[in-house]
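# Structural overview for review
Here's the letter readout for the chains.
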Amino acid sequence: MIAEAVDTAFTLGWALAAWIVLTAAAGVLGLYAVAVGVWAALRPATEAVGRALAASRALRALRAEPDRYRPPRRPAWAAA
């Protein structure tokens, strides 16, 4: 009778350990899925904001020094 009680205790212990491991694995998998979903949803937005900031910087630089970004002009004597 004591042997059956010990065997039952070990069986319940292993079942509890397996339940904890499987629950933790499911939780980690769920959090990973949420993180990937958020990353996939925000990635195009962050790239768009980056492009908009780059365009804004380029326009600001063009306003600051407009002649710097114009192509060089050929001299009148070189006109063909």
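Residues numbered from 1 in each chain as written. Predicted model: local features only at pLDDT ≥ 70, side-chain atom pairs only at ≥ 80, totals over all residues. Heavy atoms only, no water.

Next up on the list: the overall build of the protein. For the protein, the count of helices and strands is one helix and zero strands. Taking 80 residues into account, the globule formula puts the C-alpha radius of gyration at 12 Å, and the protein, at 34 Å, lies well above it. Taking the principal axes of the C-alpha coordinates as reference, the protein spans close to 115 × 25 × 15 Å. Residues counted as buried form 0% of the 80 residues belonging to the protein. (Helix = DSSP H or I, 4+ residues; strand = E, 2+ residues; numbered from the N terminus. Rg over C-alpha atoms; globule rule 2.2 N^0.38 Å. Buried < 20%, exposed > 50% of the residue type's maximum accessible area, 1.4 Å probe, protein only.)

Glancing now at the pattern of salt bridges. Any two side chains of opposite charge can pair, so long as their charged atoms come close to each other. Applying the stated criterion across every chain yields a total of two salt bridges. Residue Glu 47 pairs with Arg 43 through a salt bridge whose shortest N-O separation is 3.3 Å. A residue pair is termed a helical-turn pair when its members lie 3 or 4 positions apart in one helix, as Glu 47 and Arg 43 do in helix H1 (residues 2-64) at four residues. Take Glu 47: its relative accessible area is 35%, and that puts it in the partly exposed class. Across the pair Glu 47 and Arg 51 runs a salt bridge, and its minimum N-O distance is 3.6 Å. (Salt bridge = Lys/Arg side-chain N within 4 Å of Asp/Glu carboxyl O.)

Counting through the fold element by element, Ala 40 comes out in helix H1. Residue class for Ala 40 comes out partly exposed when judged on its relative accessible area of 43%. Separated by 24 residues in the primary sequence, Ala 40 and Ala 64 have C-alpha atoms spaced 37 Å apart.

Before going further, it helps to examine the environment of Trp 14. With respect to the helices, strands and loops of the structure, Trp 14 is situated in helix H1. When the C-alpha positions of Trp 14 and Ala 41 are compared, they lie 40 Å apart, and in sequence the two are 27 residues distant.

Turning next to a nonpolar patch on the surface. A contiguous nonpolar surface patch, about 520 Å² in accessible area, is contributed by Ile 2, Val 6, Phe 10 and Trp 14. The residue Val 6 is located in helix H1 in this model. (Patch = residues over 30% accessible without salt bridge, like charges linked within 9 Å, V, L, I, M, F, W, Y side chains within 5 Å. Areas by Shrake-Rupley, 256 points an atom, 1.4 Å probe, with all protein chains shown as cover.)

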